[in-house]
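Tertiary structure, described
Now for the letters of each chain:
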Amino acid sequence: MLTNLFPNIDIEDFWVATYETFYMTILALIGTCILGLILGLLLYLTTKDGIWQNSYVNLIVAAFVNIFRAIPFIILILLLFPFTDFLIGTIRGPNAALPALIIGSAPFYGRLVEIALKEVDKGVVEAAKSMGAKTSTIILRVLIPESMPALVSGLTVTAIALIGYTAMAGVIGAGGLGNYAYYFGFQRRDFDVVFLCTIIIVIIVFIFQFIGDFITNKVDKR
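Residues numbered from 1 in each chain as written. Predicted model: local features only at pLDDT ≥ 70, side-chain atom pairs only at ≥ 80, totals over all residues. Heavy atoms only, no water.

Across its full length, the protein holds 10 helices and 0 strands. Secondary structure elements of the protein occur, N-terminal to C-terminal, as α-α-α-α-α-α-α-α-α-α. For the protein, the C-alpha atoms occupy an extent of roughly 70 × 40 × 25 Å along the three principal directions. The buried share of the protein, taken over its 222 residues, is 42%. For the protein, the proportion of contacts with a sequence separation of at least 24, taken over those separated by at least 6, is 71%. Of the accessible surface of the protein, which amounts to about 12,200 Å², a share of 67% is contributed by carbon and sulfur atoms. Here the protein holds 14 positive side-chain charges and 15 negative ones, and the gap between their average locations is 11 Å. (Helix = DSSP H or I, 4+ residues; strand = E, 2+ residues; numbered from the N terminus. Buried < 20%, exposed > 50% of the residue type's maximum accessible area, 1.4 Å probe, protein only. Contact = heavy atoms within 4.5 Å. Areas by Shrake-Rupley, 256 points an atom, 1.4 Å probe, with all protein chains shown as cover. Lys, Arg positive; Asp, Glu negative; His and termini not counted. Charge placed at Lys NZ, Arg CZ, Asp CG, Glu CD.)

Encoded structure:
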């Protein structure tokens, strides 16, 4: 049926490309979540009147976030080629795309984390501090639980951006649906391949959005 509608599709290669897109998105999302949380917490805790108020640390972290948010992703991949080659041993394939995907997305998510944490009622944080709670306890028992709906919602937005990034990374040999659409569709003028890859990417976006909305509603206690 699929080959009748899309005669230029190689089913085996197509499913490999789909798997690679999921692989890159999920692994990069995990790395982005971890690094983004760290960046967001540092931005929140070191700000003026923050628990770890430190203008120098805040300035450095904010500069890192702003610089890497400003660099277009396709240029960031090229800039990170030496680092990727050193870390992964190659600049091609899904694994080689992960450093750029994480470094490109984590600052974006870090800002969303900072915004989510700022929405937490300061009275709750002050109450925890007055009871002698350690900073780690405040982070794990107050800040993250109270901001969880916003954190999940922000991660959903980041995941959707990541899917687009994987398509761009595919154009320069990272694999995935972007790679398949460009090399086996666009360059060969087989636009049925491009069209099907687009449809699958849209479906993947809807899947991540649905999962993100579902989890957000589950953790929202309001």
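This part is about unusual backbone geometry. For aspartate 49, which is not glycine, the phi torsion reads 70° and is therefore positive. Mapped onto the elements of the fold, aspartate 49 is located in the loop between helix H2 (11–45) and helix H3 (55–70).

Structurally, the position occupied by threonine 158 is in helix H8 (residues 135–171). Residue classification places threonine 158 among the buried residues on the basis of a relative accessible area of 1%. In this view, threonine 158 contacts Thr32, Ser105, Phe108, Tyr109 and Leu112; residues no more than four positions away in its chain are not counted.

This part is about the pattern of salt bridges. Within this structure, the stated rule accounts for 3 salt bridges. One salt bridge in this structure joins glutamate 114 and arginine 111, with 2.8 Å as the shortest N-O distance. Here glutamate 114 and its partner arginine 111 are both found in helix H6 (residues 94–118), 3 residues apart, which amounts to about one turn of the helix. Of the residues examined, glutamate 114 reaches a relative accessible area of 8% and is grouped as buried. Looking at arginine 111, the relative accessible area reads 19%, which means it is buried. Of the charged contacts, one joins lysine 118 and glutamate 114 as a salt bridge, the two residues approaching to 3.3 Å between their closest N and O atoms. With lysine 118 and glutamate 114 both in helix H6 and 4 residues apart, the pair spans about one turn of that helix. Through salt bridges with shared partners, a single network forms among Arg111, Glu114 and Lys118. (Salt bridge = Lys/Arg side-chain N within 4 Å of Asp/Glu carboxyl O.)

A cluster of nonpolar side chains, Phe195, Ile199, Ile203, Ile207, Phe210, Ile211, Phe214 and Ile215, forms an exposed patch at the surface whose accessible area comes to about 750 Å². Within the secondary structure layout, phenylalanine 210 lies in helix H10 (residues 191–219). (Patch = residues over 30% accessible without salt bridge, like charges linked within 9 Å, V, L, I, M, F, W, Y side chains within 5 Å.)

Let us look at the nonpolar core. By size, the foremost hydrophobic cluster in this structure holds 48 residues, and its most contacted members are Phe14, Leu101, Leu143 and Leu177. Of all elements in the fold, only H2, helix H4 (73–79), H6, helix H7 (122–130), H8, helix H9 (176–186) and H10 reach the threshold of two or more residues within this core. Tallying contributions element by element places H8 first for this core, with 11 residues. (Core = buried A, V, L, I, M, F, W, Y, C linked by side-chain atoms within 4.5 Å.)

Take the packing of H2 against H8 next. Contact geometry for H2 and H8: axes closest at 9 Å, N-to-C directions at 135°. Relative to H8, the element H2 is oriented oblique. Pair H2 / H8 crosses with right-handed handedness. Across the interface between the two elements, Thr21, Met24, Thr25, Ala28, Leu29, Thr32, Cys33, Leu37, Leu41, Tyr44 and Leu45 from H2 touch Ile139, Leu143, Leu151, Leu155, Thr158, Ala159, Leu162, Ile163 and Thr166 from H8. Classifying every residue of the contact of H2 with H8 gives 15 nonpolar, 5 polar and no charged. (Axes fitted to C-alpha atoms, helices over the stretch in contact; angles between N-to-C directions. Parallel < 35°, antiparallel > 145°, perpendicular 65-115°, else oblique. Left-handed = near helix turned anticlockwise from the far one by under 90°. Nonpolar A, V, L, I, M, F, W, Y, C, P; charged D, E, K, R; others polar.)

Turning next to the side chain of aspartate 192. Tracing the sequence through the fold places aspartate 192 in helix H10. One buried charged side chain, aspartate 192, makes no salt bridge at all; its nearest oppositely charged neighbour is arginine 188, positioned 9.9 Å away. When near neighbours in sequence (up to four residues on either side) are disregarded, aspartate 192 contacts Phe6, Pro7, Asn8 and Ile9.

These figures capture arrangement, not role.
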